[in-house]
Amino acid sequence: RDPFWLCLILLFAVLLGFYSASPSTLSPALSTLFSSLSERDCHLDTCRIPEVPRYQRSHLWAVSVRVDVLVMTPWFAPIIWDGTFDSAILDAQFRNITVGLTVFAIKKYVVFLKLFLETAEKHFMVGHKVNYYVFTDQPANVPQIPLQEGRQVVVLEVRNYKRWQDISMHRMEMISNFSQQRFLREVHYLVCLDVDMKFSDHVGVEILAPLFGTLHPGFYRGDRQSFTYERRPLSQAYIPRDEGDFYYAGGFFGGSVPEVYRLTMACHQVMMADQANGIEAVWHDESHLNRYLLYHKPSKVLSPEYLWDEHMLQRPPLLRKLRYVAVPKNHAEIRNR
Amino acid sequence: MKLQYKGEKPFQPVTPSQYPQPKLLEQKPTELLTLTPWLAPIVSEGTFDPELLHRIYQPLNLTVGVTVFAVGKYTQFVQHFLESAEQFFMQGFRVHYYVFTNDPTAIPRVRLGSGRLASIIPIQGHSRWEEISTRRMETISQHIAERAHREIDYLFCLDVDMVFRNPWGPETLGDLVAAIHPGYFAVPRQQFPYERRPLSTAFVAGGEGDFYYGGAVFGGRVARVYDFTRGCHMGILADKANGIMAAWQEESHLNRRFISHKPSKVLSPEYLWDDRKPQPPSLKLIRFSTLDKDTDWLRS
C-alpha cells in the first residue's frame, strides 16, 4: 500500500511542478478563463479545438525576464540587459551588415591593442562582417593578430597631441572626418570604443540602433544631481541640475554612420567653441557626449554590462554578465608620455 | 511599382525641459511585457511619457494618414469613428483620413479640426464580405503608390466599426507597427487561430509565432506599410489561384507576414479592444475598441 500513496504524492508533486515550473504560464484556472473569452464568431470549418496549454515564449502576460531593472526608457529606447533579447532573432534581422569599430591607440596606448583585438575576435559581432578602424600615430606598432573570416583591420595614421585630454577630445574630430571620407561607404554602423579595455562576453547586434549610448558604471544608481555633468553655464556642455536622463560613458557609443557623423561633428564643433572661450569641460569629450544625448535621445541604451571596471566597482547581482571591461593601467605611467 | 523611399529623418534636438528622471532600478514587476525578444517596445499606459514624446515628434511636422473601409452597411460607422478620432487620435498633428467606400453619398460630412483632412475614395463593392476584406491590402498598397506616399509620413490602417475612447498619440509611431489581438493576448501560440493548412501562403507551423496580431490595426512609415500590404496581397493572390481562402482572411496573411517581418513596435490590447470582454486590471486605458454590433446582419 505504501508505494501506492507514494505514487500519488509523486504524481501530485509532478503536476504541481508542471504548472508552476515556468514563470510565463498562467495558473490553469486563469488560462481556462481567457481561452473561453477568446472564442468569437467562428466558421464551422475553421473552429479550433483548444489544445492542452504548453510552455510558450512570447506571452503578453509573461513576467518580464528582468523585473529588477528598467528595460525601456520613457521614450521607448530599449535598455539592453542580459535576458532582454533573443540573439537568434536579432542575428537574422541584422544579417548582411558590416559593423565598423573605431579605436584609438595613440602614444603608449598601442600596448592595449593586442588584448583588445584578440578578445574582440572572440566576442564582438561574431558571425558578422567587421572592420576594425585603428587610429594610431605608430602604424608599425599595430600588432598582427589572426582574424576570422569577413573581418579586417584598417590602420588609419593620425597625429598625436601632447595632453591626454586633447587626444581624447580629438577622437570626435577624427571620427567625423573619416565618417564622411570613408565609413559612410564601407559600413552600416559605427561602434566607438576606448582601447584600454577587453571583451569578456558577447557583444552583438543587440546593441545596434540609429544612435546608442552606454550607462557609465559609476553612475547607473545615482540621481541626476550627482551626475558629473559639466555645471558651468559658460561651457557648451552645460547641463542644469534638474535635467538629465542618464550619465553616459564616453568610451562606448555608436549608431548608424550618418548619426555618428552628426554626433561627432556636433561634439567637435562645441569643443572648439569652448576652447575659443578658454574653458574645458570637466570630463572632456564625455561631458559633450552627455549633453548631445540629452537633447538627441538615443534609440538604445546599453546597461553597465557593456562597460565595467572590476577593480573600481563591486559587481552587483543585477549584472549577470560583464562584456567589456577595463584593463588595469597605471594612469601616471601611460598618460602624457 | 517601385516606391521611392524618403529615407530616415535625422534626429532632431529635443527642447530642454523638466520631467522626472527615469528610474533605472525598478523594484515593482511589470504586469504586461514591455519589450519583445527582438527589442520592439510594447506600448501600454505607464511605459511612456506622453509629454516627452510629444516634444520629440511635434517639431518633425509629420502628417499621419488613416485608411478605413466603409463598404455596404459599414458606412453607418463612419460618423462615430471620425468624431471620436477628432477627439482622441493624434491630437496636435496633421491627419489625413482616407475613407474607401462603394457609396460616397452615404458618407456623412464630419467637422474636422485644423490641419486635419478627409478624402472619400470610391471603390468597388462586393457581394461577399470576405471578398471586400481581402481586397483591402491591395487597395491600400495601390493607394500609397498612387497618392498617399506624397501626402503622409506615417499610415495607420484601421477597421471602421470601432471607436476611439482615449488618447492615441505619437507613442504609436514606428517603422512597422502591429497591435495585439484582444482575444489572444493570454493564450499560448498553439491556440492562435493561424492558418494551419500548408497549402495556404499564410500557413504557420506549430512551433512558430510570437503574438497573435489583430487585422483591425496596423501601420508604420508609409514605405514600410506599402511593402507590408503588397506582400500580404501577393500571398492572398497566390491563395486565390490555389482555390483556398485563409482562416481569417487578411488577418491570417498579416500574422504570417509579421513573423518573418517582425514589427518594430507592438501596441498592447489597449489599442485594439473588444468591449464585450471584461477589462483586466493590467490594461489601464482602453483607447480604441469595437462597437457592439449585429455582425450577421452587417455582413448580409
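Since this is a predicted model, take the numbers as computed values, not measurements.

Trainee: How should I be thinking about the overall build of chain A in this particular structure?
Mentor: Across its full length, chain A holds eight helices and ten strands. Restricting to contacts in chain A with at least 6 residues of sequence separation, those with at least 24 account for 75%. For chain A, the computed accessible surface area is about 16000 Å², with 57% contributed by carbon and sulfur atoms.

Trainee: Help me understand the sheet that holds strand S3 (residues 94-101) of chain B in this model?
Mentor: Strand-to-strand pairing in sheets goes through backbone hydrogen bonds, with the strands running parallel or antiparallel. Residue and element names in this part refer to chain B. Strand order in this open sheet of eight strands is S1-S9-S7-S8-S5-S2-S3-S4, and the pairing throughout is mixed. The open sheet has two free edges, formed respectively by strand S1 (42-43) and strand S4 (116-122), since each of these has just one partner strand. Sheet topology note: the strand S7 (residues 176-180)/strand S9 (residues 265-267) ladder contains three bridges and is parallel. Paired with Val177 across the two strands is Lys265, which belongs to S9. Across the sheet, helix H2 (residues 78-88) lies against strand S2 (63-70), S3, S4 and strand S5 (154-158), angled at about 170 degrees from S3, the strand it touches most.

Trainee: Which parts of the structure should I look at to understand the side chain of Glu206 of chain A?
Mentor: Note on placement: Glu206 of chain A falls in the loop between strand S6 (197-199) and strand S7 (211-214). The buried charged residue Glu206 of chain A lacks any salt bridge partner; its closest oppositely charged side chain belongs to Arg323 of chain A, at an N-O distance of 4.4 Å. Excluding its chain neighbours within four sequence positions, the residues that come into contact with Glu206 of chain A are Ile80, Phe85, Leu90, Lys300, Tyr306 and Arg323 of chain A together with Leu39 of chain B.

Trainee: What am I meant to see in the nonpolar core here?
Mentor: What tends to happen in soluble globular proteins is that the nonpolar side chains get buried as a cluster. One finds Phe124, Ile207, Leu208 and Phe252 of chain A together with Phe89, Leu158 and Trp168 of chain B to be the most contacted residues of the largest nonpolar core, which totals 182 residues. At seven residues, the largest contribution of residues to this core is made by helix H5 (residues 164-186) of chain A. Among all residues touching Phe89 of chain B, those that are not within four sequence positions of it are Val64, Val66, Ser84, Val95, Arg116, Phe156, Phe164 and Trp168 of chain B. Counting residues in each nonpolar core, the second largest holds nine residues, with Val187, Val204, Tyr212 and Ala247 of chain B among its members.

Trainee: When you look at the UniProt feature "active site" (unreviewed entry) in chain A in this model, what are you seeing that I'm missing?
Mentor: Residue and element names in this part refer to chain A. Here, the residues flagged by UniProt with the feature "active site" (unreviewed entry) are Glu286. For Glu286, the location among the structural elements is in helix H7 (residues 285-295). Beyond its immediate sequence surroundings of up to four residues, Glu286 is in contact with His216, Tyr247, Tyr248, Ala249 and Gly250. Within the local environment of Glu286, its side chain forms a polar contact with the side chain of Tyr247, the two groups lying 2.6 Å apart.

Trainee: Quick question: what am I supposed to make of the UniProt feature "binding site: Mn(2+)" (unreviewed entry) in chain B here?
Mentor: Residue and element names in this part refer to chain B. Residues annotated by UniProt as "binding site: Mn(2+)" (unreviewed entry) correspond here to Asp159 and Asp161. Note on placement: Asp159 falls in the loop between S5 and strand S6 (162-164). Apart from residues lying up to four places away in sequence, Asp159 is in contact with Val68, Phe81, Arg136, Gly215, Ala216 and Phe288. A polar contact is formed between the side chain of Asp159 and the side chain of Arg136, at a distance of 2.7 Å.

Trainee: Hey, could you run me through helix H4 (residues 222-241) of chain B in this one?
Mentor: Every α-helical turn comprises 3.6 residues, leaving residues that sit three or four positions apart pointing alike. Residues and elements named next belong to chain B. Compared with the 28 Å implied by 1.5 Å per residue over 20 residues, the 28 Å span of H4 between its first and last C-alpha is a close match. Looking at the buried residues of H4, the elements they touch are helix H3 (129-151), S5, S7, strand S8 (213-221) and helix H5 (250-260). The first or second residue beyond H4 is Gly243, which carries a positive phi of 65 degrees.

Trainee: What is the right way to read the packing of H4 of chain B against H5 of chain B from this model?
Mentor: Packed helix pairs are characterised by how far apart their axes lie and by the angle those axes make with each other. All names here are of chain B. Two elements in contact, H4 and H5, have axes whose closest approach is 9 Å; the angle formed by their N-to-C orientations is 120 degrees. By the angle between their directions, the pair H4 and H5 is classed as oblique. In terms of crossing hand, the pair formed by H4 and H5 is right-handed. Residue-level inspection shows Asp227, Phe228, Gly231, Cys232, Gly235, Ile236 and Asp239 of H4 in contact with H5, the latter providing Glu250, His253, Leu254, Arg257 and Phe258. In terms of residue class, the contact of H4 with H5 is built from five nonpolar, three polar and four charged.

Trainee: Would you take a moment to explain the UniProt feature "binding site: an alpha-L-fucosyl-(1->2)-beta-D-galactosyl derivative" (unreviewed entry) in chain A for this structure?
Mentor: Residues and elements named next belong to chain A. Residues given the UniProt feature "binding site: an alpha-L-fucosyl-(1->2)-beta-D-galactosyl derivative" (unreviewed entry) here are His216, Thr228, Glu286 and Asp309. Assignment of secondary structure puts Asp309 in the loop between strand S9 (300-302) and strand S10 (324-326). Since its relative accessible area comes to 15%, Asp309 is described here as buried.

Trainee: Even after reading the chapter, I still don't get helix H4 (residues 113-123) of chain A, so can you show me in this structure?
Mentor: All names here are of chain A. Here H4 has its buried residues at Leu113, Phe116, Leu117, Thr119, Ala120 and Glu121. Lining the buried residues of H4 we find strand S2 (98-105), strand S3 (129-136), strand S4 (151-157), strand S5 (189-193), S6 and S10. Directly beyond the C-terminal end of H4, a positive phi value near 50 degrees is found at Met125.

Trainee: How do you make sense of the UniProt feature "active site" (unreviewed entry) in chain B when you look at a structure like this?
Mentor: Residue and element names in this part refer to chain B. The residues that UniProt annotates with the feature "active site" (unreviewed entry) are Glu251. Positionally, Glu251 belongs in helix H5. Residue classification places Glu251 among the buried residues on the basis of a relative accessible area of 10%.

How each quantity is defined
Residues numbered from 1 in each chain as written. Chains lettered and ligands numbered in written order. Predicted model: local features only at pLDDT ≥ 70, side-chain atom pairs only at ≥ 80, totals over all residues. Heavy atoms only, no water. Helix = DSSP H or I, 4+ residues; strand = E, 2+ residues; numbered from the N terminus. Contact = heavy atoms within 4.5 Å. Areas by Shrake-Rupley, 256 points an atom, 1.4 Å probe, with all protein chains shown as cover. Pairing = 2+ DSSP bridges. Axes fitted to C-alpha atoms, helices over the stretch in contact; angles between N-to-C directions. Buried < 20%, exposed > 50% of the residue type's maximum accessible area, 1.4 Å probe, protein only. Lys, Arg positive; Asp, Glu negative; His and termini not counted. Salt bridge = Lys/Arg side-chain N within 4 Å of Asp/Glu carboxyl O. Core = buried A, V, L, I, M, F, W, Y, C linked by side-chain atoms within 4.5 Å. UniProt positions renumbered as here; feature names shortened; annotations may be inferred. Polar contact = N/O pair within 3.5 Å; in protein donor to acceptor, adjacent residues only side chain to side chain. Expected span 1.5 Å × (residues − 1). Parallel < 35°, antiparallel > 145°, perpendicular 65-115°, else oblique. Left-handed = near helix turned anticlockwise from the far one by under 90°. Nonpolar A, V, L, I, M, F, W, Y, C, P; charged D, E, K, R; others polar.

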